[in-house]
Amino acid sequence: VVGYDPEAKCVSTAEAAVAGSASGLVTRVFISPLDVIKIRFQLQIEQLSSRNPGAKYHGILQAVQRIFQEEGLAAFWKGHVPAQFLSVGYGAVQFMAFESLTKLVHNVTSYDARDSFVHFVCGGLAACTATVAVQPVDTLRTRFAAQGEPKIYRNLRHAVVTMYQTEGPRAFYRGLTPTIVAVFPYAGLQFSFYNILQQFSEWAIPAEEKKGGNIKNLVCGSCAGIISKTLTYPFDLIKKRLQVGGFEHARAAFGQVRSYRGLLDCVRQIMREEGPRGFFKGLSPSLLKAAASTGLIFFWYELFCSLLCALKSTDSTMRKEG
C-alpha cells in the first residue's frame, strides 16, 4: 500500500494524510522513552562510559534507572505534547507528499512507481517537505526532553514566548541544515529498503504461507529503520547539539556544555574533543528507536490504509444494495 499503485487505486492523498498522522500518533506513545534517552546521550559531552567519573549517563539501563530516580516516570515522556504535534504533522505531510510524488512519477515519466529508486527519491523529498513544516515543533520537543530540574520552560506556551523573546524566530529553525542534509537519505533509504524487503519477502515466502502480512510489514519496517539510521546517524547528533544552542544554562546538571557557531564548528569541536566515536553517541537507543518507530510507522500506516479501503468497500457495497 505504501506508494502509488496503479493496480490498487484505493487510498486517496487525503486518506494517506489521515493514515500517516494516525500512525505517527500511535507510534509516538510507544517510542517516547527511547527518544528521551537518545537525546540525553547525544547531548552529553563526556564519554558514555562507567569509567568516566564525570559522565552522568553511560548505558541504557543505567540511564533508565537514573532518570527514573531523579525525575520520575513522567520524565520519559518529557516534551510529549510537542512530540505528538511533530509526529502527527510529520506523518500527515510525509505520506501525503510521498503518495502524491509517486503518483506524479507514474503519470509523467516512464519510471515504475513501485521501483526502489523512485521510492528513495520520493521518500527523501517527502521527508524534506515534512521536516521544514514541523522543524519548530521538533526544536521545542528536543528542548523539553533535554532540560533537567528545575525546569526552564513550564509549558509549551511559555517555551515559545521565551524562545522568541530571548533568541528570536531563528531559534525555532536551529539545526535545520544538518536535518535537511540527513533526512533526505535517511527517509529515502527507509522507503527504499522497505520496498526492497517487501519485494524480497514476496519472492522468498511461498504463496501458501503468506499469512500475517501485518507482522511482515513490522519486520520489514524495523529492518529498514536500522539500516537507514546507522548510515545517517551523525547528522542526527549534530542536529540535536545545534538545537539546544543558547539553552546551555538548562543543561548544567548534566555535565559539560558547549556552544557551537554552526554546522562546521560543531563537527570540528566534536572531532577534536570526542573523536570519531563522538558522532555515534546514543546510537544504541537510537537503533532501538529506529527499529521500533519505523516498523510501527509502516505497520500502522498499512493497517490504517487497509481499514480505510475496507470502509470504502463496505460503503460502496451498501450503496449498490440500497
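Thresholds, definitions, all that
Residues numbered from 1 in each chain as written. Predicted model: local features only at pLDDT ≥ 70, side-chain atom pairs only at ≥ 80, totals over all residues. Heavy atoms only, no water. UniProt positions renumbered as here; feature names shortened; annotations may be inferred. Helix = DSSP H or I, 4+ residues; strand = E, 2+ residues; numbered from the N terminus. Phe/Tyr/Trp six-rings, centres within 6.5 Å; stacked < 30°, edge-to-face > 60°. Buried < 20%, exposed > 50% of the residue type's maximum accessible area, 1.4 Å probe, protein only. Lys NZ or Arg CZ within 6 Å of the ring centre and 35° of its normal. Lys, Arg positive; Asp, Glu negative; His and termini not counted. Salt bridge = Lys/Arg side-chain N within 4 Å of Asp/Glu carboxyl O. Polar contact = N/O pair within 3.5 Å; in protein donor to acceptor, adjacent residues only side chain to side chain.

Colleague: Which parts of the structure should I look at to understand the UniProt feature "repeat: Solcar" (unreviewed entry) in the protein?
Modeller: Within the UniProt annotation, "repeat: Solcar" (unreviewed entry) is assigned to residues 11-104, 114-200 and 212-307. Structurally, residues 11-104 is divided into 72% helix and 0% strand, and its ends, taken at the C-alpha atoms, are 15 Å apart.

Colleague: Explanation requested: the packing of aromatic side chains in the structure shown.
Modeller: Each aromatic ring pair is characterised by the separation of its centres together with the angle its planes make. By the definition in use, this model includes 11 aromatic pairs. Where Phe191 meets Phe298, the ring centres are 5.5 Å apart and the plane angle is 90°; that geometry is what we call edge-to-face. Residue Phe191 is found in helix α6 (residues 176-204), and its partner Phe298 is found in helix α9 (residues 283-321); the two are separated by 107 residues along the sequence. On the accessibility criterion, Phe298 (1% relative accessible area) is buried. Counting every residue linked through ring pairs, the aromatic cluster contains Phe95, Phe98, Phe191, Tyr194, Phe298 and Tyr301. Between Lys229 and the ring centre of Tyr186, over which it is positioned, the NZ or CZ distance is 4.5 Å.

Colleague: Would you mind going over the side chain of Glu302 with me for this structure?
Modeller: Within the secondary structure, Glu302 is located in helix α9. Here Glu302 occupies a buried position and makes no salt bridge, while the nearest side chain of opposite charge, Arg114, is found at 6.9 Å. Side-chain polar atoms of Glu302 contact the side chain of Tyr194, separated by 2.7 Å.

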